[in-house]
Amino acid sequence: MKFNFKYGLCVVFMFVAISFSLSGVSAGSLFVNESWTNDDIQNALDGDSSIDVLHFQKSDLGIYNGISLLINRGMSIVSDNGVFISGFNEDTYDQFGNAFNIVADNVLIKGFSFEGYWSNIVNMGNVKNITIIDNIVKGILIEASGVNDITIGNNTLSDIEYSSCISLTDSNNINIINNYIFGSWSEPSILLAGSNNINIGNNNLFDGGVLLTDSNNVSIYNNNVSGSWSEPSISLTGSHNVNISNNNVTSGGVSLSDSNDISISNNFIYDSEISIGVGNSNNVSVYGNNIVSVDNGISVGDSDNVKIYKNNVSGPTSMGSGIGVGNSKNVDISENKVDNVINEGISVSESDKVNIRNNKVSKSSTGISASGTNLKVIDNKLNDNDNGISINSEGNGTVSKNTIQNSYSSGIYVEGIYVNVADNVISKSRDNGIYLSGSSDINIYNNKITNSDSGIYIDSSDFLKIYNNTIKNTNYGISSDGDDINIYKNYISLHKTGIIFSGTRININNNIISNSRKNGIHIDGYSDECIIKFNIITNVKKIAILAVGSNNLKVSKNTLKNNLKAIHLSGDSNTISSNKISGSSSPKPIVIKGSRNLIKSNSINFKSSYGVSIYGKKNKLYSNKISGVNTGFYVKGDSNHLKTNKISSKNQGIFINGRYSYVFKNNVNKNRKNGIHIFGSFNKVIKNTANNNKGHGIKLTGHVNKIKGNIAKNRGIKVNGDKNIVTNNKVGKSKSHRLCIYGYKNKVKGNSN
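Here's a quick rundown of the structure. (Residues numbered from 1 in each chain as written. Predicted model: local features only at pLDDT ≥ 70, side-chain atom pairs only at ≥ 80, totals over all residues. Heavy atoms only, no water.)

A separate point is the pairing of strand S77 (residues 676-679). Direction of pairing for strand S75 (residues 652-657) relative to S77: parallel, over a ladder of four bridges. Following the sheet pairing, Ile656 is matched in S77 by Ile678. Strand direction decides the pairing type here: S77 and strand S79 (residues 698-701), joined by four bridges, are parallel. In the sheet register, Phe679 faces S79, and the bridge partner there is Thr701. (Pairing = 2+ DSSP bridges. Helix = DSSP H or I, 4+ residues; strand = E, 2+ residues; numbered from the N terminus.)

Here it is as structure tokens:
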């Protein structure tokens with residue numbers, strides 16, 4: 001057999017005290033030189049059982065050819081500096097199998113240079129107390145099984161192809177320290193299986209790493225390891241109670257599978273496909289590691305009770321996440337720093353009972369992405385990510401006390417059920433501060449959101465509570481599309497529109513909305529059974545409350561001040577009640593378009609053209625107080641009822657253009673023109689008080705109207721039309737302005753001063 005070898009040489013010094021004589025021949029020592037053949041040495045060892053030191057001398061070139069010895073008793077095998085043992089057969093150019101076959105305890109091998117062996121040292125039986133130090137080896141150093149108490153140190157190993165340099169199985173108490181190993185890309189440099197009590201420390205491993213299977217009580221520390229970019233440099237399978245610490249790992253990471261009680265700490269890992277991978281393992285701690293320029297930083301799958309903390313992961317990456325967890329439970333991810341990762345900074349998928357807290361994540365596609373149950377994302381700081389936090393909750397999720405800045409899209413994205421989003425500080429999100437999609441049973445409260453397009457954006461989500469949030473400097477404070485949503489006690493200012501929504505059973509209560517560039521509250525599209533109550537809306541440049549296409553809406557007990565327009569609503573069966581509306585200038589504070597709406601007990605004090613404008617039929621306007629406007633009520637439509645309103649305006653109290661209106665017990669005194677002015681037929685004007693108006697108390701143009709029991713002193717009643725009934729009204733003493741009736745077949749009866 002012929003083999004080609006690569007050669008590399010580094011020297012590491014380690015002091016070991018060895019008790020043997022270096023000159024002369026003494027009892028227990030055998031000194032050999034280059035003239036001795038393998039058979040000569042073997043015969044000498046076999047013939048004298050007292051020999052416990054075999055010393056290879058350098059009397060010439062120091063080259064020993066064809067050495068293959070059976071070591072069947074304890075001894076020290078040492079050499080002069082420069083002794084070279086070759087496994088090449090000079091006659092056949094084949095390799096010998098082994099230099100030393102050890103079948104005894106208490107053996108030391110020190111100070112040799114080996115070349116040309118398939119495996120330089122092979123154990124052929126269960127032995128203990130083996131020491132292999134200070135050797136230079138081309139090829140495999142050792143393949144052994146059943147060794148106890150073995151030390152391999154200060155060796156330089158190179159030129160290995162398709163095999164491991166050190167291979168031990170079913171062995172215990174192993175120390176592999178201070179070695180330089182130039183290994184194979186295809187195989188681990190150190191391979192241990194079924195072994196216990198292992199120390200692998202202070203080694204330099206090039207082009208190959210460490211592989212342990214089914215081993216326990218392992219410490220791997222202070223090693224410099226470089227391996228294949230796509231294969232782990234340190235790999236454990238089925239192993240327990242392992243500590244991997246303070247290693248420098250390049251072009252290959254650390255991998256665990258089917259292992260328990262593992263600690264991976266304070267390692268430096270550079271340029272790896274997966275820096276730290278944990279699969280199907282339990283009780284794992286990953287902390288204090290520095291991971292740079294990798295595809296995946298820390299990856300955990302199918303594992304339980306995992307702690308990942310105080311790690312630094314930085315890119316650039318080309319594929320994966322900074323920290324990734326999948327299908328795992330009882331995971332704590334805390335105090336990590338992740339920077340410049342192309343995909344997620346921290347990613348958790350389909351996992352249970354995961355805490356993500358006190359991490360710093362920047363420059364990733366999504367800072368923190370989490371899906372599963374019992375997820376907690378708390379006290380993290382996220383800067384300059386496309387999305388700050390994304391959570392897809394299957395139940396009991398928490399996103400709280402996070403600080404999120406400069407998100408290219410959304411600060412927090414929520415999808416799923418039963419999530420609390422609370423006490424977060426979010427600023428400068430290009431799209432949304434908080435974005436909900438396809439969610440239900442979500443609570444969003446005590447968040448501070450500034451300088452985003454939308455403060456809170458809700459898409460197709462139901463059964464939500466949104467309260468006690470502070471939202472400033474946005475286009476839209478809260479934008480909602482969904483059903484059964486409660487929005488209350490929020491403070492929203494310096495925005496385009498404070499709250500915009502569509503849906504059914506939306507409650508908007510006790511919010512403070514100010515300084516809107518457009519609208520305060522905007523119901524956009526079809527909405528039903530919504531309540532807008534106890535809100536304070538001020539300094540809106542267009543409309544305080546705007547509802548388009550809404551039915552069964554209740555707008556009550558709101559305070560609307562200094563807005564250009566107060567309430568504009570289109571829809572049916574809505575209630576506008578007990579609102580306080582005031583301001584300096586507006587063309588139309590309240591505009592209602594639709595049918596069967598109730599406008600009741602509102603207080604309006606506005607410098608405007610009209611107090612309330614109604615377009616539609618069968619609307620009810622009851623017990624409103626209006627002052628400061630030009631016209632109190634402007635009503636266009638049929639079958640509208642106006643009852644017990646109190647109006648003092650600059651022009652007309654009530655103006656109606658329609659039929660079948662019922663105007664009852666309104667107080668419209670001291671208007672500068674008419675108290676009540678109606679164009680239309682079949683209207684009833686009954687028991688109103690319209691005194692001291694400068695035009696007429698009641699002025700009506702139309703037919704078949706009934707004007708009965710009204711008090712219209714000073715300027716009286718004027719009717720122009722046919723078949724009207726004017727009875728039992730009190731019209732004052734002025735003869736010229738008491739009653740002015742024009743038309744045919746009008747009935748005028750029982751009117752008095």
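The discussion continues.
Before going further, it helps to spend a moment on the pattern of salt bridges. Applying the stated criterion across every chain yields a total of five salt bridges. A salt bridge links Arg357 to Asp332, with the shortest nitrogen-to-oxygen separation between them at 3.0 Å. Note that Arg357 is positioned in strand S39 (residues 337-357) and Asp332 in strand S38 (residues 329-334), a separation of 25 residues in sequence. The class for Arg357 is partly exposed, based on a relative accessible area of 32%. Between Asp484 and Arg505 there is a salt bridge, and its shortest N-O distance comes to 2.6 Å. (Salt bridge = Lys/Arg side-chain N within 4 Å of Asp/Glu carboxyl O. Buried < 20%, exposed > 50% of the residue type's maximum accessible area, 1.4 Å probe, protein only.)

This part is about the nonpolar core. Nonpolar side chains in soluble globular proteins tend to be buried together. Core analysis: the biggest nonpolar cluster contains 165 residues, and Phe56, Phe100 and Ile166 have the highest contact counts within it. Take this core: its biggest share by element is six residues, from S39. The contact partners of Ile166, leaving out residues within four places of it in the chain, are Leu141, Ile142, Ile152, Leu157, Ile176, Ile181, Ser189, Ile190 and Leu191. (Core = buried A, V, L, I, M, F, W, Y, C linked by side-chain atoms within 4.5 Å. Contact = heavy atoms within 4.5 Å.)

Another aspect to go through is the pairing of strand S47 (residues 432-437). Where burial is concerned, most of S47 is hidden: six out of the six residues are buried. As judged from the four bridges shared by strand S45 (residues 410-422) and S47, these two strands associate in the parallel manner. Pairing of Ser410 across the sheet is with Asn432, part of S47. One ladder, built from five bridges, connects S47 with strand S50 (residues 454-459); its direction is parallel. By the bridge assignment for S50, Ser437 is matched with Asp459.

For the rest of this paragraph, the subject is the side chain of Ser556. Secondary-structure assignment places Ser556 in strand S61 (residues 554-556). Not counting the four nearest positions on each side in its chain, Ser556 is found in contact with Ile532, Lys533, Phe534, Ser577 and Asn579.

The subject of this paragraph is the packing of aromatic side chains. For the structure shown, the criterion picks out 18 aromatic pairs. Look at Tyr435 and Tyr457: their rings are 5.2 Å apart centre to centre, the planes differ by 70 degrees, and that puts the pair in the edge-to-face class. Here Tyr435, found in strand S47, pairs with Tyr457, found in strand S50; they are 22 residues apart in sequence, far enough to count as distant. Considering the side-chain rings of Tyr445 and Tyr467, the 4.9 Å spacing of their centres and the 5 degrees angle between planes classify their relative orientation as stacked. Pair noted here: Tyr445 is in strand S48 (residues 440-445) and Tyr467 is in strand S51 (residues 462-467), with a separation of 22 residues, a long-range link. In textbook terms, an aromatic cluster arises when at least three aromatic residues are bridged by ring pairs, as seen for Phe56, Tyr64, Phe100, Phe112 and Phe114. Note that Lys593 overlies the ring of Tyr615, its terminal NZ or CZ placed 5.8 Å from the centroid. In this arrangement the basic side chain of Lys643 is found over the ring face of Tyr622, its NZ or CZ atom lying 5.6 Å from the centre. (Phe/Tyr/Trp six-rings, centres within 6.5 Å; stacked < 30°, edge-to-face > 60°. Lys NZ or Arg CZ within 6 Å of the ring centre and 35° of its normal.)

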